[in-house]
Amino acid sequence: MASNGKSSERQRIAQQRLRIIAGHLRKQEEADHIEIAAQECKAESSRTDTAKPNSVPKRRQEIMKWNGWGYSDSKFLFNKKGQAEFTGKRYRLSGLILPSLKEWFEGTFGANLQHKSPAAAALNAGAVPPPNLSESFVEELKATDIPFSHDAEDRVFRSHGHCLHEIFGLREGQYGRCPDMVVWPNCHIDVVKIVELACKHNVCLMPYGGGTSVSSALECPPEETRSIVSLDTSQMNQILWIDEKNLTAHVEAGIIGQDLERLLNESGYCTGHEPDSMEFSSLGGWVATRASGMKKNIYGNIEDLVVHIKMVTPRGVIEKSCQGPRMSTGPDVHHFILGSEGTLGVVTEVTMKIRPVPEYQKYGSVVFPNFQQGVACLREVAKQRCAPASIRLMDNEQFQFGHALKPQVSSMFTSFLDGLKKFYITKFKGFDPQQLCVATLLFEGDREKVLQHEKQVYDIAAKFGGLAAGEDNGQRGYMLTFVIAYLRDLGMDYYVMGESFETSVPWDRVLDLCRNVKERIVRECKEKGVQFPPLSTCRVTQTYDSGACVYFYFAFNYRGLSDPLNVYLQVEHAAREEILANGGSLSHHHGVGKLRKEWMQDAVSSVGLGMLKSVKEYVDPDNIFGNRNLL
Amino acid sequence: METLCTEKTPEPGVFSDMLEERRRTSDLSYALKSYSPQPYKGHPPSSARALHQAVMDSQYLRYITQEIATESREPVEVIREEASGILEEMSHNLQLSVIRLLGYTLNKVFKSVFRRILVNEDGLNRLQQAIQEHPVILMPNHRSYVDFLVLSYILFTYDLPLPVIAAGIPLMGMKLIGELLRRSGAFFIRRTIGADKLYWAVLSEYVRTIVRTGSAPVEFYVEGLRSRTLKSLNPKLGMMHMVLEPFFKGEVYDISLVPISVSYDRLLEESLLAHELLGVPKPKETTMGLLKARKVLEDDYGSMHVCFGQPISVRELAKGRITRSQYNLVPRDLPQKPSEEIQAFVSVVAHGMVRLQERDTVLSPWSLMALILLQNPEGLALVTLTQRTAWLRGLVLKFGAHLDWPAQVSDEEVMSSSMSLHRSMVGCEGARVFLLEAPAPGGEASVSPEAAVFRRAAVVLMCASYRNQVLHVFVRPALVAVAMATTPSTRKEDVFTNFKFLQELFSNEFVFVPGMAAQDFEEGCLLLVKCEALQTSDQQLVRTEHGADTTSCLQAILQPFLQTYQVVFNYLTKDSALVFTERQYIPAVRSYCLKLTLAGELPTCEALSSDTQKNVLNALLRMNAVTKTKVGDQSEFRVNKAAIQRIGDILAGRIPPQSAAFSRL
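Quick caveat: nothing in here was measured; it's all calculated off a predicted structure.

Requested: an account of the overall build of chain A, with residues and values cited.
Within chain A, the regular secondary structure consists of 19 helices and 21 strands. Counting across all 631 residues of chain A, residues that qualify as buried make up 59%. Total accessible area on chain A is roughly 25,800 Å²; 52% of this is exposed by carbon and sulfur atoms.

Go over the environment of Asn570(B) with me, naming the residues and quoting the values.
All names here are of chain B. Residue placement: asparagine 570 occurs in helix H23 (residues 548-575). For asparagine 570, a relative accessible area of 31% translates into the label partly exposed. The spacing of asparagine 570 and tyrosine 592 is 22 residues in sequence and 10.0 Å in space, taken between C-alpha atoms.

If you had to explain the side chain of Asn120(B) to someone new, which residues and values would you point to?
Along the chain, Asn120(B) turns up in strand E2 (residues 116-120). What makes Asn120(B) buried here is its relative accessible area of 0%.

Would you mind going over the UniProt feature "domain: FAD-binding PCMH-type" (unreviewed entry) in chain A in detail, with residue names and values included?
Annotation from UniProt places "domain: FAD-binding PCMH-type" (unreviewed entry) at residues 175-357 of chain A. Across residues 175-357 of chain A, the secondary structure splits into 23% helix and 25% strand, with the terminal C-alpha atoms separated by 43 Å.

A description of the domain arrangement of chain A should follow, citing residues and the corresponding values.
Residue and element names in this part refer to chain A. Here chain A is described as being made up of domain 1 (239-356) and domain 2 (495-589). Put simply, the middle of domain 1 and the middle of domain 2, counted by C-alpha atoms, are 30 Å apart. Taken over both partners, the interface formed by domain 1 and domain 2 buries close to 520 Å², and the fraction arising from carbon and sulfur atoms is 31%. Counting every contact that joins domain 1 to domain 2 gives zero salt bridges. The residue makeup of the side of domain 1 that touches domain 2, split by class, is two nonpolar, five polar and three charged.

Describe the interface of chain B and chain A, naming the residues involved and giving the relevant values.
Taken together, the contacts link 14 residues of chain B with 13 residues of chain A. Of the roughly 1,200 Å² buried between chain B and chain A on both sides combined, carbon and sulfur atoms contribute 31%. On the chain B side of the contact with chain A, Tyr253(B), Arg324(B) and Arg332(B) bury the most area, a combined 46% of that side's loss. For Glu578(A), the salt bridge is made with Arg324(B), and the minimal N-O distance between the two is 2.9 Å. Remark: the boundary between chain B and chain A carries 12 residue pairs in polar contact (both at pLDDT 80 or more).

Hey, could you go over the pattern of salt bridges for me, with residue numbers and the actual values?
Residues and elements named next belong to chain A. Using the criterion set out here, one finds 73 salt bridges over all chains in the structure. For aspartate 232, the salt bridge identified is with arginine 158, shortest N-O distance 2.7 Å. You can see aspartate 232 sitting in strand E7 (residues 228-232) and its partner arginine 158 sitting in the loop between helix H4 (152-157) and helix H5 (164-171), a full 74 residues away along the chain. Exposure remark for aspartate 232: the relative accessible area of 0% places this residue in the buried category.

Can you tell me about helix H8 (residues 147-157) of chain B, naming the residues and giving the values?
Residue and element names in this part refer to chain B. Judged by how many residues are buried, H8 sits mostly within the fold: 11 of 11 residues are covered. Where H8 is concerned, the buried positions are Asp147, Phe148, Leu149, Val150, Leu151, Ser152, Tyr153, Ile154, Leu155, Phe156 and Thr157. Once H8 ends, the next one or two residues include aspartate 159, with phi positive near 65°.

Describe the nonpolar core, listing the residues and the values that go with them.
Counting residues in hydrophobic clusters, the biggest one holds 156 residues, and the most contacted among them are Phe114(B), Leu127(B), Phe308(B), Phe474(B) and Leu505(B). Broken down by element, the residue count for this core peaks at 22 residues, all from helix H20 (residues 449-486) of chain B. Counting residues in each nonpolar core, the second largest holds 103 residues, with Tyr91(A), Trp507(A), Phe552(A) and Phe556(A) among its members.

Report on the pairing of strand E17 (residues 437-445) of chain A, specifying residues and quantitative values.
Residues and elements named next belong to chain A. Summarising burial for E17: nine of the nine residues are buried, a large majority. Of the two faces of E17, the one lined by Cys437, Ala439, Leu441, Phe443 and Gly445 and the one lined by Val438, Thr440, Leu442 and Glu444 are each fully buried. One ladder, built from nine bridges, connects strand E15 (residues 360-368) with E17; its direction is antiparallel. Opposite serine 365, over in E17, you have threonine 440 as the bridge partner. For strand E16 (residues 390-394) and E17, the ladder comprises five bridges, and the chain directions are antiparallel. By the bridge assignment, methionine 394 is partnered in E17 with valine 438.

So what about the sheet that holds strand E19 (residues 496-506) of chain A? Which residues, and what values?
All names here are of chain A. Pairing in this open sheet of seven strands is antiparallel, and the strands run E18-E15-E17-E16-E20-E21-E19 from one edge to the other. The two strands at the open ends of the sheet, each matched to only one other strand, are strand E18 (467-468) and E19. Where helix H15 (residues 447-463) meets the sheet, its contacts fall on E15, E17 and E18, and the angle it forms with E15 comes to roughly 10°.

Break down unusual backbone geometry for me, citing the residues and quoting the values.
As a rule of thumb, non-glycine residues mostly have phi less than zero, and peptide bonds are mostly trans rather than cis. Positive phi is not limited to glycine here, since Arg290(A) has a value of about 60°. In this structure, Arg290(A) sits in the loop between helix H8 (283-289) and helix H9 (296-299). The backbone phi angle of Glu532(B) is positive, close to 60°, even though this residue is not glycine. Take Glu532(B): it is sitting in the loop between helix H22 (517-530) and strand E15 (534-537).

Account for the pairing of strand E21 (residues 547-557) of chain A, with residues named and values stated.
Residues and elements named next belong to chain A. Most of E21 sits inside the fold, with 11 of its 11 residues counted as buried. Of the two faces of E21, the one holding Gly547, Cys549, Tyr551, Tyr553, Ala555 and Asn557 and the one holding Ala548, Val550, Phe552, Phe554 and Phe556 are both buried throughout. Where E19 meets E21, 11 bridges bridge the pair, whose relative direction is antiparallel. Note on E21: the bridge partner recorded for glutamate 499 is phenylalanine 554. Direction of pairing for strand E20 (residues 535-543) relative to E21: antiparallel, over a ladder of eight bridges. Across the sheet, the residue bridging to threonine 537 is tyrosine 553, located in E21.

About the thresholds
- Residues numbered from 1 in each chain as written.
- Chains lettered and ligands numbered in written order.
- Predicted model: local features only at pLDDT ≥ 70, side-chain atom pairs only at ≥ 80, totals over all residues.
- Heavy atoms only, no water.
- Helix = DSSP H or I, 4+ residues; strand = E, 2+ residues; numbered from the N terminus.
- Buried < 20%, exposed > 50% of the residue type's maximum accessible area, 1.4 Å probe, protein only.
- Areas by Shrake-Rupley, 256 points an atom, 1.4 Å probe, with all protein chains shown as cover.
- UniProt positions renumbered as here; feature names shortened; annotations may be inferred.
- Domains from an automatic or database assignment.
- Buried area = accessible area lost by both parts, 1.4 Å probe.
- Salt bridge = Lys/Arg side-chain N within 4 Å of Asp/Glu carboxyl O.
- Nonpolar A, V, L, I, M, F, W, Y, C, P; charged D, E, K, R; others polar.
- Contact = heavy atoms within 4.5 Å.
- Polar contact = N/O pair within 3.5 Å; in protein donor to acceptor, adjacent residues only side chain to side chain.
- Core = buried A, V, L, I, M, F, W, Y, C linked by side-chain atoms within 4.5 Å.
- Pairing = 2+ DSSP bridges.
- Axes fitted to C-alpha atoms, helices over the stretch in contact; angles between N-to-C directions.

What follows is the structure, given as C-alpha cells:
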C-alpha cells in the first residue's frame, strides 16, 4: 500500500469530493456553481450509507419497477392540474414541476391527457407459466449453498431487458417465456460450481447483470426446451483490490456502475466509465456487450479500460497469465470475450484501469445556427483531437425536447434572463429557432487545464458560427440522458411509444445518415398508418478520429392503430436498414442480441461469422450458454 | 419498378389553356408579376458563384485534377485552371430579371404562334408538392426548338422554382441568345465529350452538386437530342446516371423524376426536319437563322400540349434493386466505375421515363390522319379518310392513348380544320385527299428526276413524322401481329420467340425497357384481345375473324420499317463492299434507294430517311452481323453478309429465329 502521507492526501481528496457531491444533492442552494459534478444528473440511491456496498438487492422488486424503467419511487406523471412532475427524491428533477412538458407532449405527438393507456396494475404471478425445473440440477445446487429461487416475480424480472416491445408486453400483462429459476452466485468459485452443474445436467444458463439490455439479449429463446437458469451476478459486487502503483482495480463483474464509481471515489479514484445506463448496468454486462461510456474521450471505451478478464466457460476458466499493458500473443483473446453477449460464459472478475478523481468538472454548451454547422464543428474538434470528456450535439427537435424539461423558474429575473438570451440568439444573431441546435460539453481535469481546454473548444465552435450558451443548457442535456427512459414510461401511459437506437458512421456520412434515417422513420410511420407525424430526432454522442456515434430517438402516437407493436417493429427495422444502407454500423455499443442478429452475416461477412461460430463450438459445444444472442 | 410501367400512375387530368389569361392581360404586367416560389425544403437557390465554388472545392474534382496532373506531368494548378475554364463555359447564370424579359418576349411570340398552350394543372400541383419535398428532375421530351424554354415559361407563370437546363453547346454559340439562355438557367454541354476525363468530371460534379443541394430543379432531355422523326429516342444514360448518383450514395433521401410530354399540332420546323433526314445539311444554329425564322412565326401552329406526369420516386424504384451499401467501402468522393447493378438500373429508369413521356403525350387528330394518308400513297376519298380516322380514334382510345379530339364538333370539321393547318402537306380536290409535293427551291418546277423524288419524299417524311408521334401506342400489339403473321404455328411460345426477335431488331427504332420483353409481349396480346382481334386460350394465340381489319392495319403500320430494313439488308448483302467507313454508309444507301425509286422498285419512300438507315446499321451491329473497328479516327464497318441474309430471312418469316440468339431482351 501507499505511504501514510499519500494515503492521507487521498483521504483528503475523497472527503472533499464527498462534500461536494453531498452539497449538490442538497439541491445546491448557494453552492459553488462552478464545481458541478456529472453525478448530479443521475440518481444517488444510497449516498449516505457508504458502508452498504450494494444498491441492488436480490429481490429487485423491492426498489425497482417490474414493467418500466428504474426505481419504483421515481416516475413522471401529469398531476391534477395537468402539469408534469417527476416524483421521488433521487434526481435533480425529483419533486419539480415541468410546466412546458405538457404542451410539448401534446403538440409533438398530438396526444391528449384525456386519452390514457394505463399499464396492468401489478404483476400477476398466476399468469406466469410454471417453471420447468431440472430436479437433479436443483438437488445438487442445494448442496452448494448458493441461493436460488423459482419465485414467479424473480423470474419475470429476469425475463426481459428494456426494448420497447419487452416493456410494452409487460404493461399488457404478457410474460412470454421466463427463466425457470434464478441463482445468485456470491463469487467466482460459485460460478464455477454452477457452470459445472449446468454442464452435468444439461441446463441452459443465461447470465444476467443489470438487466438494461436493449437488444432482446435477455429474452429466453422460445424454442429452448431445457430448463433455463438465470445467473444473476448482482451479488458479486466487491472491489477485491486496488493497485495504486499501476492504477488498476480488481473488481467482481456483478458490480453496477454507480456503486463502482462511488466506492472508487471513496479511495480518490474513478474508472471514468459512465455509460448512460450506469445507474443499473453491470461491469460484466459492459464487457459482454462492448459498452461505451460518455467520457470515453478521456478514459476510453470498455475495451480500452480492461486489463484482465476472468470468465467461466463450459471448457473451464479463461484468463491471461499476466497484466502487461499490451501483448503480441496472437489475436487478443479478450476480444473473444468482449461483445460475446453471454454466449460463451460468465465474466466473473475484471481488472480495470483507474484514474485519480479529477479536480474539476465543468459543463458547457454551444448553440449553432443549424445541425450542419454543429457537425462540422464536432468534426473539427475531433480532427484537432481536443474533444472534451464529453461532447454531444443535439438536433433541433431534441433541443426543443430539452427545453420542455426545464423546471419551473424560481424568479422573475431568471425568466427575464432566459427571454433575453432567446432574443439575442434568434433576433440579434439571426438563428432560426426551427433550425438551431445545441452541443453539450463536459470538461474534466485540472482547473487550469479545463479553462484552457474550454477556450480552445469555444474558439473552434465560434468558427462554425457557434455561440456559448451556458452551463445550464449543457447540464440539462446530460440530465435528459438519465430521465429519457422514465419519460418513455410516461408516454406509454398516453398512447405514445418510443425507442432509441444507435450506430457509428464515418464523418463524411454523418449528415446524410442522420437526415435519411430521420426521414425514413417519418415516412415509414406515415405509410403504416400512424396518424400524427412521429418524433424523429438524433444526436451525435461520441466523436472519434474517423467518425462518430449517432443516437436516434423516435416516438409516435399509436392511438387508432390495431397492432401498434408490429408497426413499431417494422419502423425500427426499416430505420436499421436505412442506417446500413448509409454506411452506418449495426451497433456502436448496444450490441446485437437477438434483435439485430439477422444482419450479423452482412456486418462481418460469412467467414467472420464462421470464425465466431467455431469459437462458440469449441468453448460451449452443448450450448449451455444458450441465450442465442449474436450468432 | 412497377411505377415505371404504364397504367399504374394517375391520368394527366384536365388541361387548361394558359394563354387564355395571358391574352387578357398585358405582356408587361405579366413579366413584372410577383414571383415567389416555394423552394425545396425552404432553401433559397444558391448563387451561380457559390455553385462554381462548391464544384471547384469538391473532393472529387481535387482528386481528378490531381490524377490528371500526375498522368500528364503538368502542374495541378494548370489542370485546375482548365477545370475552372470548363466550368465557366458550362455554368448557368440564372437571373430573374432575364426570365422576366424572356417571359415578356415568349408571351408575345406564343400568343401569336399558338392558338392555345394546354397544360394539366393537376400535374403542376403535384410538381409543386414534389419540389418542396425532394430534389426534382424535370424530364421533358424534345421535339422542337420551341420547347427549350417553354417549361421555364410555364413554371414562371405558375410561380414554381425555375429549372436549370442542360443544353447543347451549339446553342451557346449563338451570339446574345447564348448569353440570354445562360441567364435563363441553361448550362451548356459539349456534344462530343468522348474520353475527356476532366470534362466529364467537371460536368458530373456540377450536375450532382445542383441535385445534392436541391438548389434548383434540373431539366434535361433524356433522349439526348431533339428527335428529328418525332419518334421517341432511346435514352442517353450519362446524364441520367449523374442525376441519380446522389441518391445511390445517400446524399439525398430521394429524388423525384417528373416525366413531361410536350406535343404540337404543328411543328415550327417541320420542313426542316424532313430535309435533314433526306441529307440536306442542318443550318447552323445562328442568331441570323433565328431572325430569318421570323417569317415562320407569322403562321398558325394550332395548339401545344404540355403534360406534367406523376413525379416518380427514385427510392421507390430502387427498392430491392439497388444495394446502396455498395458505396460503403470507398469514399463517395472518389470516382468509381458504376456496378452492373447500377448501370442496369439507370438504363431501366431512363427507358421507363421515355415510356412515361410517351404514355402521357396528347395526340392530335392529324397524327391519325397522317397514318392513314401514308397507307394510301395515291390518295383517298375524304369520306374514307374521315371514316378510317374515326375508326382509328376508337382504337387508340382503347389502347389508352390521350387524344385531343375536340368535343361537340363533327368529324368532318375536325378533318377540315386539321387539313387546313397542314395545308403545306395535304391537298383536297373534289372529294379526294392526297399528299402534296414539297415546293421546289426557288419556286420553279424542277427538271431532274432525282429532285422530284426528294420533293415527294420530303412530304412523305414530314407526314411520317406526325404519324410517328402515335406509333408508341401501336408498336406492341403491332409487333405481336407481325410476329403472328411470320410464325407458322399459333403456339404462344413460338410467337413470343418471333416477337423477341422483332423487338431486338427494332430496339433502335422504338423504345423498349430492357429486360421487359415478356411484359411487352403480354401487353401487346392484351391490347389485341381488348380490341377483339385476338383470342388466347391454352397457350395458343388465335386471330379472330372480325378483327382482321385491326390486325392488318397494325401490320401495315410497321410495313414501312420492315420494308426499309429489307431494302438496307439487300443493299448490304448484294451491292455494298465488305468494308466501308461511317461516312460512306449513308450516301451509299441513299443513292441505292434513289436508284431503286427511279426504277420504280422502292417499296416505300421512308427508306430514304437517314434516321432509319442508321438504325438498321446499329441493329446489325448489336446483333453482330456487322462489326465496327476503329481505324485512326474513323470507324470502319465490316459486313457479315451471311448473317444479314439470315436476319432478313427471319424477318420475312422464311426461317424461324433461334430463341437463344436474342437473349439480350
